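An overview of the molecular structure
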Amino acid sequence: MRPDLDPEQLDRYSRHIIMDDVGPAGQAALLDTDVLVVGAGGLGAPVLQYLAAAGVGRLGVVDDDTVERSNLQRQVIHADSDVGRPKVDSAREFVTDLNPDVTVDTHELRLSADSAVDLVDDYDIVVDASDNFATRFLVNDVCTLAGVPFSHGAVFRFEGQVTTFTDEGACYRCLFPKAPPAGTVPDCATAGVLGVLPGTIGCLQATEVLKLAMDYGDPLSGRLLAFDAGSMSVDEVPIAKRPDCPVCGEDPAIGAVSEASYEGRCEL
Ligand SMILES: [Zn+2]
(Lines give C-alpha, C1' and ligand atoms only; values in the text may rest on other atoms or scores of the structure.)
Protein backbone atom coordinates (compact mmCIF):
# COMPACT_ATOMS: atom_id res chain seq x y z
CA MET A 1 0.00 0.00 0.00
CA ARG A 2 1.27 3.47 -0.88
CA PRO A 3 1.53 5.63 2.24
CA ASP A 4 0.21 8.95 0.93
CA LEU A 5 -0.48 10.84 4.14
CA ASP A 6 -0.92 14.61 4.01
CA PRO A 7 0.95 16.95 6.44
CA GLU A 8 -2.03 17.15 8.83
CA GLN A 9 -2.25 13.36 8.97
CA LEU A 10 1.51 13.04 9.52
CA ASP A 11 1.01 15.31 12.54
CA ARG A 12 -2.21 13.71 13.84
CA TYR A 13 -0.87 10.18 13.65
CA SER A 14 2.76 10.97 14.49
CA ARG A 15 2.81 8.68 17.57
CA HIS A 16 1.76 5.79 15.34
CA ILE A 17 4.03 6.68 12.46
CA ILE A 18 7.11 6.95 14.67
CA MET A 19 6.77 3.26 15.61
CA ASP A 20 8.56 0.83 13.32
CA ASP A 21 5.73 -1.68 13.70
CA VAL A 22 3.14 0.82 12.44
CA GLY A 23 4.85 3.47 10.35
CA PRO A 24 3.23 5.31 7.44
CA ALA A 25 2.19 2.00 5.87
CA GLY A 26 0.39 0.85 9.03
CA GLN A 27 -1.38 4.18 9.35
CA ALA A 28 -2.38 4.08 5.69
CA ALA A 29 -3.78 0.59 6.32
CA LEU A 30 -5.89 1.92 9.22
CA LEU A 31 -7.20 4.77 7.05
CA ASP A 32 -8.08 2.21 4.40
CA THR A 33 -10.03 -0.09 6.76
CA ASP A 34 -13.83 -0.23 7.04
CA VAL A 35 -15.19 -1.40 10.41
CA LEU A 36 -18.82 -2.10 11.30
CA VAL A 37 -19.64 -1.57 14.98
CA VAL A 38 -22.86 -3.29 16.04
CA GLY A 39 -24.15 -1.38 19.04
CA ALA A 40 -23.37 2.22 20.11
CA GLY A 41 -23.77 1.49 23.83
CA GLY A 42 -21.33 0.64 26.62
CA LEU A 43 -18.93 -1.41 24.49
CA GLY A 44 -19.51 0.49 21.26
CA ALA A 45 -18.66 3.84 22.87
CA PRO A 46 -14.96 3.13 23.60
CA VAL A 47 -14.64 1.08 20.42
CA LEU A 48 -15.85 4.01 18.28
CA GLN A 49 -13.83 6.49 20.33
CA TYR A 50 -10.48 4.73 19.87
CA LEU A 51 -11.01 3.52 16.31
CA ALA A 52 -11.89 7.08 15.33
CA ALA A 53 -8.91 8.54 17.17
CA ALA A 54 -6.60 5.98 15.56
CA GLY A 55 -7.80 6.97 12.10
CA VAL A 56 -9.76 3.93 11.00
CA GLY A 57 -11.07 5.46 7.78
CA ARG A 58 -14.69 4.33 7.73
CA LEU A 59 -16.91 3.35 10.64
CA GLY A 60 -20.40 1.92 10.32
CA VAL A 61 -22.59 2.28 13.39
CA VAL A 62 -25.64 0.06 13.90
CA ASP A 63 -28.10 0.92 16.69
CA ASP A 64 -31.84 1.47 16.91
CA ASP A 65 -31.92 2.98 20.42
CA THR A 66 -32.19 6.51 21.68
CA VAL A 67 -29.96 7.87 24.44
CA GLU A 68 -31.37 7.47 27.95
CA ARG A 69 -29.98 9.16 31.06
CA SER A 70 -29.22 5.73 32.59
CA ASN A 71 -26.84 5.07 29.66
CA LEU A 72 -24.52 7.94 30.56
CA GLN A 73 -22.86 6.13 33.49
CA ARG A 74 -20.84 4.14 30.90
CA GLN A 75 -21.70 5.15 27.32
CA VAL A 76 -19.15 7.95 27.11
CA ILE A 77 -19.74 9.09 23.53
CA HIS A 78 -23.24 10.32 24.45
CA ALA A 79 -23.81 13.44 26.54
CA ASP A 80 -26.58 14.64 28.82
CA SER A 81 -27.76 16.95 26.03
CA ASP A 82 -28.20 13.88 23.78
CA VAL A 83 -30.90 12.26 25.95
CA GLY A 84 -33.79 11.36 23.67
CA ARG A 85 -31.73 11.51 20.46
CA PRO A 86 -30.87 8.47 18.32
CA LYS A 87 -27.57 6.96 19.50
CA VAL A 88 -26.31 6.74 15.91
CA ASP A 89 -26.63 10.55 15.61
CA SER A 90 -24.68 11.38 18.76
CA ALA A 91 -22.12 8.69 17.85
CA ARG A 92 -21.59 10.23 14.42
CA GLU A 93 -21.19 13.72 15.89
CA PHE A 94 -18.70 12.47 18.47
CA VAL A 95 -16.57 10.73 15.84
CA THR A 96 -16.54 13.53 13.26
CA ASP A 97 -15.74 16.07 15.96
CA LEU A 98 -12.82 13.93 17.15
CA ASN A 99 -11.39 13.09 13.73
CA PRO A 100 -12.64 14.57 10.44
CA ASP A 101 -10.63 11.90 8.55
CA VAL A 102 -13.23 9.31 9.49
CA THR A 103 -16.32 8.66 7.40
CA VAL A 104 -19.29 7.51 9.50
CA ASP A 105 -22.19 5.50 8.09
CA THR A 106 -25.14 5.39 10.44
CA HIS A 107 -27.59 2.50 10.34
CA GLU A 108 -30.50 3.25 12.64
CA LEU A 109 -31.89 -0.25 12.79
CA ARG A 110 -31.83 -3.44 14.80
CA LEU A 111 -29.63 -5.94 12.98
CA SER A 112 -31.80 -8.61 11.36
CA ALA A 113 -31.13 -11.65 9.19
CA ASP A 114 -32.48 -9.60 6.26
CA SER A 115 -30.23 -6.57 6.78
CA ALA A 116 -27.09 -8.18 8.19
CA VAL A 117 -25.73 -10.01 5.15
CA ASP A 118 -25.48 -6.99 2.83
CA LEU A 119 -24.30 -4.75 5.65
CA VAL A 120 -21.45 -7.01 6.78
CA ASP A 121 -20.42 -7.57 3.15
CA ASP A 122 -19.56 -3.86 2.96
CA TYR A 123 -16.94 -3.94 5.77
CA ASP A 124 -13.53 -5.53 6.45
CA ILE A 125 -13.95 -6.16 10.20
CA VAL A 126 -17.01 -6.30 12.49
CA VAL A 127 -17.21 -5.49 16.20
CA ASP A 128 -20.00 -7.16 18.14
CA ALA A 129 -20.75 -4.57 20.80
CA SER A 130 -24.34 -5.73 21.25
CA ASP A 131 -26.09 -6.60 24.49
CA ASN A 132 -28.24 -9.58 23.52
CA PHE A 133 -27.83 -13.17 22.40
CA ALA A 134 -29.98 -12.90 19.25
CA THR A 135 -27.62 -10.26 17.81
CA ARG A 136 -24.49 -12.12 18.95
CA PHE A 137 -25.56 -15.30 17.17
CA LEU A 138 -26.60 -13.36 14.07
CA VAL A 139 -23.27 -11.48 13.92
CA ASN A 140 -21.43 -14.77 14.37
CA ASP A 141 -23.31 -16.59 11.65
CA VAL A 142 -23.12 -13.78 9.08
CA CYS A 143 -19.43 -13.08 9.72
CA THR A 144 -18.40 -16.76 9.88
CA LEU A 145 -20.25 -17.61 6.66
CA ALA A 146 -18.80 -14.53 4.92
CA GLY A 147 -15.27 -15.05 6.29
CA VAL A 148 -15.24 -11.61 7.93
CA PRO A 149 -13.27 -11.44 11.22
CA PHE A 150 -15.12 -10.06 14.23
CA SER A 151 -14.46 -9.09 17.82
CA HIS A 152 -16.80 -10.27 20.56
CA GLY A 153 -17.17 -8.54 23.90
CA ALA A 154 -19.64 -8.91 26.75
CA VAL A 155 -19.98 -7.43 30.24
CA PHE A 156 -21.89 -8.43 33.36
CA ARG A 157 -21.70 -6.64 36.74
CA PHE A 158 -17.91 -6.76 37.54
CA GLU A 159 -16.97 -9.29 34.85
CA GLY A 160 -16.26 -9.09 31.16
CA GLN A 161 -15.05 -11.28 28.34
CA VAL A 162 -13.44 -10.63 24.99
CA THR A 163 -12.30 -12.76 22.09
CA THR A 164 -11.72 -12.48 18.35
CA PHE A 165 -13.14 -14.83 15.77
CA THR A 166 -11.25 -15.32 12.51
CA ASP A 167 -11.61 -17.96 9.81
CA GLU A 168 -8.61 -19.74 11.31
CA GLY A 169 -10.21 -20.55 14.66
CA ALA A 170 -13.43 -21.45 16.39
CA CYS A 171 -16.62 -19.39 16.11
CA TYR A 172 -19.08 -18.15 18.75
CA ARG A 173 -21.29 -21.22 18.21
CA CYS A 174 -18.29 -23.46 18.98
CA LEU A 175 -18.38 -21.76 22.39
CA PHE A 176 -22.17 -21.62 22.73
CA PRO A 177 -23.97 -23.86 20.18
CA LYS A 178 -27.27 -22.14 20.95
CA ALA A 179 -28.56 -19.26 23.00
CA PRO A 180 -29.80 -19.77 26.54
CA PRO A 181 -33.59 -19.65 26.86
CA ALA A 182 -34.93 -16.11 26.80
CA GLY A 183 -35.09 -14.56 30.24
CA THR A 184 -32.55 -16.89 31.89
CA VAL A 185 -29.56 -14.56 31.51
CA PRO A 186 -30.10 -11.06 32.86
CA ASP A 187 -28.93 -8.06 30.83
CA CYS A 188 -27.30 -4.86 32.11
CA ALA A 189 -30.68 -3.29 32.79
CA THR A 190 -31.59 -6.03 35.26
CA ALA A 191 -28.15 -7.17 36.48
CA GLY A 192 -26.26 -3.88 36.47
CA VAL A 193 -22.70 -3.24 35.34
CA LEU A 194 -19.76 -1.30 36.77
CA GLY A 195 -19.61 1.85 34.62
CA VAL A 196 -15.95 1.55 33.63
CA LEU A 197 -16.11 -2.17 32.77
CA PRO A 198 -17.43 -1.83 29.19
CA GLY A 199 -14.63 0.74 28.73
CA THR A 200 -12.03 -1.88 29.72
CA ILE A 201 -13.50 -4.58 27.47
CA GLY A 202 -14.29 -2.19 24.59
CA CYS A 203 -10.70 -0.92 24.61
CA LEU A 204 -9.47 -4.51 24.24
CA GLN A 205 -11.88 -4.96 21.32
CA ALA A 206 -10.56 -1.77 19.68
CA THR A 207 -7.00 -3.02 20.21
CA GLU A 208 -7.84 -6.25 18.39
CA VAL A 209 -9.38 -4.34 15.48
CA LEU A 210 -6.31 -2.12 15.04
CA LYS A 211 -4.06 -5.21 15.05
CA LEU A 212 -6.25 -6.98 12.47
CA ALA A 213 -6.33 -3.86 10.28
CA MET A 214 -2.52 -3.63 10.34
CA ASP A 215 -2.00 -7.40 10.27
CA TYR A 216 0.11 -7.09 13.41
CA GLY A 217 0.64 -9.46 16.34
CA ASP A 218 -1.49 -12.37 17.49
CA PRO A 219 -5.27 -11.98 17.63
CA LEU A 220 -7.38 -13.52 20.39
CA SER A 221 -8.41 -16.25 17.96
CA GLY A 222 -9.20 -19.51 19.75
CA ARG A 223 -8.71 -17.76 23.10
CA LEU A 224 -11.16 -15.94 25.34
CA LEU A 225 -9.99 -13.44 27.96
CA ALA A 226 -12.20 -13.45 31.06
CA PHE A 227 -11.68 -10.29 33.11
CA ASP A 228 -12.76 -9.88 36.73
CA ALA A 229 -12.65 -6.28 37.93
CA GLY A 230 -13.26 -7.33 41.54
CA SER A 231 -10.09 -9.43 41.83
CA MET A 232 -8.44 -7.49 38.99
CA SER A 233 -7.48 -10.72 37.28
CA VAL A 234 -7.58 -12.08 33.75
CA ASP A 235 -7.99 -15.73 32.80
CA GLU A 236 -7.31 -17.02 29.31
CA VAL A 237 -9.68 -19.79 28.24
CA PRO A 238 -8.94 -21.79 25.08
CA ILE A 239 -11.82 -22.11 22.60
CA ALA A 240 -11.63 -25.28 20.52
CA LYS A 241 -13.22 -25.55 17.11
CA ARG A 242 -16.11 -28.03 17.38
CA PRO A 243 -16.40 -30.57 14.54
CA ASP A 244 -20.19 -30.58 15.11
CA CYS A 245 -20.52 -26.76 15.13
CA PRO A 246 -23.72 -25.81 13.26
CA VAL A 247 -21.90 -23.02 11.36
CA CYS A 248 -18.16 -23.80 11.02
CA GLY A 249 -18.26 -27.58 11.63
CA GLU A 250 -17.72 -30.46 9.22
CA ASP A 251 -21.39 -30.82 8.30
CA PRO A 252 -22.92 -27.44 9.17
CA ALA A 253 -26.69 -27.24 9.62
CA ILE A 254 -26.64 -23.50 8.92
CA GLY A 255 -25.50 -22.66 5.41
CA ALA A 256 -27.21 -19.26 5.35
CA VAL A 257 -28.67 -16.99 8.00
CA SER A 258 -32.10 -17.51 6.46
CA GLU A 259 -31.89 -21.09 7.79
CA ALA A 260 -31.67 -20.05 11.44
CA SER A 261 -34.01 -18.16 13.75
CA TYR A 262 -32.67 -15.18 15.69
CA GLU A 263 -35.76 -14.38 17.71
CA GLY A 264 -36.28 -15.49 21.27
CA ARG A 265 -34.23 -18.59 21.96
CA CYS A 266 -32.11 -18.41 18.79
CA GLU A 267 -32.66 -22.09 18.09
CA LEU A 268 -32.56 -23.75 14.70
ZN1 LIG B 1 -18.11 -22.82 15.08
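Residues numbered from 1 in each chain as written. Predicted model: local features only at pLDDT ≥ 70, side-chain atom pairs only at ≥ 80, totals over all residues. Heavy atoms only, no water.

**Considering the overall build of the protein**
Summing up its helical and strand segments, the protein has ten helices and eight strands in all. The C-alpha radius of gyration of the protein comes to 18 Å, within 12% of the 18 Å expected for a compact globule of 268 residues. Residues classed as buried in the protein amount to 49% of the 268 residues present. Once local pairs closer than 6 in sequence are excluded, the contacts in the protein between residues at least 24 apart make up 66%. Carbon and sulfur atoms make up 50% of the accessible area of the protein, which totals about 12,600 Å². Distance from the positive charge centre (19 side chains) to the negative charge centre (44 side chains) of the protein: 5 Å. (Helix = DSSP H or I, 4+ residues; strand = E, 2+ residues; numbered from the N terminus. Rg over C-alpha atoms; globule rule 2.2 N^0.38 Å. Buried < 20%, exposed > 50% of the residue type's maximum accessible area, 1.4 Å probe, protein only. Contact = heavy atoms within 4.5 Å. Areas by Shrake-Rupley, 256 points an atom, 1.4 Å probe, with all protein chains shown as cover. Lys, Arg positive; Asp, Glu negative; His and termini not counted. Charge placed at Lys NZ, Arg CZ, Asp CG, Glu CD.)

**Observations regarding the coordination of the zinc ion**
Around the zinc ion, the donor atoms from the protein are Cys 171 (SG), Cys 174 (SG), Cys 245 (SG) and Cys 248 (SG), and they sit 2.2 to 2.3 Å away. Geometry at the zinc ion is tetrahedral, judged from its four donor atoms and the angles of 92 to 126° they form at the metal. When the donor residues of the zinc ion are listed from N- to C-terminus, their spacing reads C-x2-C-x70-C-x2-C. On the criterion of sequence distance, the pair formed by Cys 171 in the loop between β6 (159-165) and α8 (172-175) and Cys 248 in the segment after β8 (233-238) is long-range, its members being 77 residues apart. Judged on exposure class, the residue Cys 171 and its partner Cys 248 are both buried. (Donors = N, O, S within 2.8 Å, 3.2 Å for Na, K, Ca; no water. Tetrahedral: all angles 85-135°; square planar, octahedral: opposite > 155°, others 65-115°.)

**Side note on the pattern of salt bridges**
Counting across every chain of the model gives eleven salt bridges. As a salt-bridge pair, Asp 80 and Arg 69 come within 3.1 Å of each other at their nearest N and O atoms. Taken together, the residues Asp 80 in the loop between β2 (58-62) and α5 (87-98) and Arg 69 in the loop between β2 and α5 connect sequence positions eleven residues apart. We classify Asp 80 as partly exposed; its relative accessible area is 46%. Its salt-bridge partner being Arg 173, residue Asp 141 comes within 2.7 Å of it at the nearest N-O pair. One end of the pair, Asp 141, is in helix α7 (residues 133-146); the other, Arg 173, is in helix α8, with 32 residues separating them in the sequence. Residue classification places Asp 141 among the buried residues on the basis of a relative accessible area of 0%. Accessibility expressed as a relative area gives 2% for Arg 173, which makes it buried. Salt bridges sharing common partners tie together Asp 34, Arg 58, Asp 105 and Asp 122. (Salt bridge = Lys/Arg side-chain N within 4 Å of Asp/Glu carboxyl O.)

**Some thoughts on the side chain of Asp 34**
Tracing the backbone through its elements, the reader meets Asp 34 in strand β1 (residues 34-38). In terms of polar contacts, Asp 34 uses its side chain to reach the side chain of Arg 58, at 2.9 Å. (Polar contact = N/O pair within 3.5 Å; in protein donor to acceptor, adjacent residues only side chain to side chain.)

**Digging into the sheet that holds β1**
Within the open sheet, the eight strands sit side by side as β3-β2-β1-β4-β5-β6-β7-β8. Their pairing is mixed. The open sheet has two edge strands with one neighbour each: β3 (103-107) and β8. Across this sheet, the average inter-strand angle for adjacent strands is 15°, counted without regard to direction. The pairing of β6 with strand β7 (residues 223-228) spans five bridges and is antiparallel. Among the inter-strand pairings, Glu 159 is bridged to a residue of β7, identified as Asp 228. The sheet contacts of α5 involve β2 and β3, and relative to β3 the element is tilted by about 175°. (Pairing = 2+ DSSP bridges. Axes fitted to C-alpha atoms, helices over the stretch in contact; angles between N-to-C directions.)

**Points about the pairing of β8**
Where β7 and β8 come together, six bridges link them in antiparallel fashion. Within the sheet, the bridge partner assigned to Leu 225 lies in β8 and is Glu 236. Count of turn residues in the β7/β8 antiparallel hairpin: four residues, of which Met 232 carries a positive phi of about 45°.

**Looking at the environment of Gly 202**
As for its position among the elements, Gly 202 is in helix α10 (residues 197-214). By relative accessible area, Gly 202 is classed as buried at 0%.

**Brief notes about a negative patch on the surface**
On the surface, a cluster of negative charge is contributed by Asp 64, Asp 65, Glu 68, Glu 108 and Asp 131. Structurally, the position occupied by Asp 65 is in the loop between β2 and α5. (Patch = residues over 30% accessible without salt bridge, like charges linked within 9 Å, V, L, I, M, F, W, Y side chains within 5 Å.)

**Here's the deal with helix α3 (residues 23-31)**
The periodicity of an α-helix, 3.6 residues per turn, causes residues three or four places apart in sequence to face the same way. Listed in full, the buried residues belonging to α3 are Gly 23, Gly 26, Gln 27, Ala 28, Ala 29 and Leu 30. The secondary structure elements touched by the buried residues of α3 are α2 (14-17), α4 (44-54) and α10.

**Examining the packing of α4 against α10**
Two elements in contact, α4 and α10, have axes whose closest approach is 8 Å; the angle formed by their N-to-C orientations is 40°. Considered as vectors, α4 and α10 are oriented oblique to each other. Between α4 and α10 lies a crossing of right-handed hand. Across the interface between the two elements, Pro 46, Val 47, Tyr 50, Leu 51 and Ala 54 from α4 touch Pro 198, Gly 199, Gly 202, Cys 203, Gln 205, Ala 206, Val 209 and Leu 210 from α10. Its residues placed into classes, the contact of α4 with α10 shows ten nonpolar, three polar and no charged. (Parallel < 35°, antiparallel > 145°, perpendicular 65-115°, else oblique. Left-handed = near helix turned anticlockwise from the far one by under 90°. Nonpolar A, V, L, I, M, F, W, Y, C, P; charged D, E, K, R; others polar.)

Purely spatial values, then, with no claim about function.
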